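Chain residues, written in single-letter form:
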Amino acid sequence: MSFTMRAVKVPPNSASLEEARHRVFDFFKQACRSIPTVMEIYNLDDVVTPSQLRSSIAKQIRKNQNVTNPKVIDMLLFNGLEELNNIVEHAKQRHHVIGQYVIGQEGLVHELGSKDQGSSDFLKKFYTSNYF
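Residues numbered from 1 in each chain as written. Predicted model: local features only at pLDDT ≥ 70, side-chain atom pairs only at ≥ 80, totals over all residues. Heavy atoms only, no water.

Caption draft 1: Layout of a nonpolar patch on the surface. A cluster of nonpolar side chains, namely F122, L123, F126 and Y127, defines an oily patch on the protein surface of about 410 Å² accessible area. Tracing the backbone through its elements, the reader meets F126 in helix 8 (residues 121-128). (Patch = residues over 30% accessible without salt bridge, like charges linked within 9 Å, V, L, I, M, F, W, Y side chains within 5 Å. Areas by Shrake-Rupley, 256 points an atom, 1.4 Å probe, with all protein chains shown as cover. Salt bridge = Lys/Arg side-chain N within 4 Å of Asp/Glu carboxyl O. Helix = DSSP H or I, 4+ residues; strand = E, 2+ residues; numbered from the N terminus.)

Caption draft 2: Expanded view of the environment of T37. Looking at the element boundaries, T37 is found in helix 3 (residues 35-42). Since its relative accessible area comes to 22%, T37 is described here as partly exposed. Once the C-alpha coordinates of T37 and I87 are considered, the two residues, 50 residues apart in sequence, prove to be 9.7 Å apart. (Buried < 20%, exposed > 50% of the residue type's maximum accessible area, 1.4 Å probe, protein only.)

Caption draft 3: Looking closely at helix 2 (residues 17-33). Taking 1.5 Å as the rise per residue, helix 2 with 17 residues should run 24 Å; its terminal C-alpha atoms sit 24 Å apart, in good agreement. Every buried residue belonging to helix 2 is among A20, R23, F27, A31 and C32, and all of these are buried. (Expected span 1.5 Å × (residues − 1).)

This is the structure we're talking about:
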């Protein structure tokens, strides 16, 4: 699989917004087809399911859905192809893939709120004092 990815060349610029849109869909299909390979290379079966990875890829693509300039879309597609190529060729380590696509941009924010509930009265007073 990695040999076929290496043979991909830079496509010419999109002539219209519709052509750029079709290229985005082709890139999404290509990324989704490479998910089983990525799951195998990075041993992600215990961390994430293929459908969760697919939704993470879709989320990354939808992040730029308001871009209407075909040249900008082509640049974003080139960056996406380069990223996919690096992942498929094992140029990233497992924790990079997990941090970027499994945990995501939010991180583990939902766990941070629960730490304050077990605080003692002393710590609460200390945090509200002028010393901190």
